[in-house]
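Overview (structure and organization)
Residue strings, one per chain:
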Amino acid sequence: MPQVVVRDLSDDQRMALMKMRRSVADCMTLPYHDDYFLLRWLRARNFDPVAAEKMLRASMKWRESWGVETIQDWPTPEVFKHYYPCGVCGFDKDGSPVVIIPFSGVDIWGMLHSATKADFIKTAIKTLEKTLEIAREKSEIHNTYESTKLVGILDMSEFNLKQFAWRPAAEAVISLIQIYEANYPEILKACYIINVPKVFSLAFSVVKNFLNDYTLSKIRIFKSDPNKWKPVLLSHIPPDQLPVIYGGTMCDPDGNPRCPSKVNQGGKIPKSFYIKNQNEKDKNEEYSSVTVKKGDKLRLDYSVPEGGSFLKWGFYSDEHDIKFGVLVKDDKGKETSIIPVHRVTCNETEEIGVVSCPKPATYTVIFDNSYSYLRNKKLHYTINVVPPINGSTDVAVIDSEE
């Protein structure tokens, strides 16, 4: 690892580094615990050596509790070996590992029914630690600090918000983000989020509240036009280090342009991996039950007092499908369709969803059985109004490319 170029630091920063170096000398036991390592924590706490030491020591306790130093010896659950969508495809021009996550292969419902939440998190930690180990090895070759950081490409093609509206999935993702922010400061060199659908803005409006300013500053978001994001990727990543599908020249020996030999593509997880019954409901959720009679409708009104809130739902029926939709009523009583009433096969799998509520209003959830003249429908549902996250209602698109 190259030594810190002290002249690049101000006098106050140099003094903060010296203070922290002395105060944490007792726990600097690994080869990569050098001045660059300490600077990550100092920068995360605005060069306050006391706050940086507190953050570092808390992370050391976290690493001990999760067994991070020996996590590579932990046997990854079989389901994640085959269906955890992630991989290092190559290196950018500075030697930083390029990590690709293809969201089209993310089946978080299947993952959390095939392993515990702890196993899901542990797999993510193991993957990240292995990638950082690769980065450190590269830094020895390139003799540059930039090599110790990571480049991420998040391909949001076929992004399914419904999966992440499921409470256990949302909690698992937020846990991962919080772990990352608390224990891996300043490791992100750049993050390119590409092929972004419209619904992504809602998801990002929630996630960005858990990201610090440094992480947000490294994110660039692109829509689905490859003519916009491919030149950006290639300006930082050599073509032979990038799969063909992302504008490079790399492909597998069989010609596959996604390079699945390097980047696990994930996919729908077979139920044979499940350790839980798919119809088992989150015990923390309270479900109401009702019978919607044949030829009838059920209308449920929910008052949203604060703009920037979210209306979320989950429902399933014992037998047969039902129609579902959402309306919003303004202060003059005019109703506008948010989700058109449509037929939902909630008898096969739970229907889960969320909509943003930009202004105070009354939202009406409709369960429509008027088309059925023969059958009543037994329905189980949970519907909640979630207040704004941290009082924030805006969506910060860091670098939207049309």
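As recorded by an unreviewed UniProt entry, the chain carries the name SEC14-like protein 2 and is attributed to Nezara viridula.

1. Quick word on unusual backbone geometry
Non-glycine residue Asn195 carries a positive phi angle of around 55°. Using a relative accessible area of 15% as the deciding quantity, one classes Asn195 as buried. Its identity as a non-glycine residue notwithstanding, Cys259 has a phi of 55°, on the positive side. Within the secondary structure, Cys259 is located in the loop between helix 11 (226–236) and strand 6 (288–292).

2. Section: empty space enclosed by the protein
The final tally for this structure, using the stated rule, is 2 cavities of 30 Å³ or more. Counted as a void, the largest cavity has a volume near 270 Å³. Every residue lining the largest cavity is counted, 22 residues in all, and those nearest its centre are Tyr32, Phe37, Arg40, Arg136 and Ile187. Taken together, the elements giving at least two residues each to the lining of the largest cavity come down to helix 2 (35–44), helix 3 (49–66) and helix 6 (117–142). Examining the composition of the lining of the largest cavity, we find that 4 residues originate from one element, helix 2, more than from any other. Within the lining of the largest cavity, the residues separate by chemical class into 10 nonpolar, 4 polar and 8 charged.

3. Let's talk about the environment of Val292
Within the secondary structure layout, Val292 lies in strand 6. Linking Val292 and Arg375, residues 83 residues apart in sequence, is a C-alpha distance of 9.2 Å. Each residue touching Val292, except ones within four places of it in the same chain, is listed here: Lys297, Leu298, Ile322, Phe367, Asn369, Asn376, Lys377 and Leu379.

4. Observations regarding the sheet that holds strand 10 (residues 335–344)
On the basis of which strands lie adjacent, the open sheet formed by 4 strands has the order 7-12-9-10 and antiparallel pairing. With partners counted over all chains shown, the strands left at the sheet margins are strand 7 (297–304) and strand 10, one partner each. The average angle at which neighbouring strand axes cross in this sheet is 15°, direction not considered. Pairing analysis gives 7 bridges linking strand 9 (residues 322–329) to strand 12 (residues 361–368), with the strands arranged antiparallel. Residue Val326 lies in a different strand from strand 12, and its bridge partner there is Val365.

The rules behind the values
Residues numbered from 1 in each chain as written. Predicted model: local features only at pLDDT ≥ 70, side-chain atom pairs only at ≥ 80, totals over all residues. Heavy atoms only, no water. Buried < 20%, exposed > 50% of the residue type's maximum accessible area, 1.4 Å probe, protein only. Helix = DSSP H or I, 4+ residues; strand = E, 2+ residues; numbered from the N terminus. 1 Å grid on protein atoms, 1.4 Å probe; cavity = no way out; pocket = protein on both sides within 12 Å on 5 of 7 lines; lining within 4 Å. Points joined across faces, edges and corners; volume = space filled by probe spheres on them. Nonpolar A, V, L, I, M, F, W, Y, C, P; charged D, E, K, R; others polar. Contact = heavy atoms within 4.5 Å. Pairing = 2+ DSSP bridges. Axes fitted to C-alpha atoms, helices over the stretch in contact; angles between N-to-C directions.

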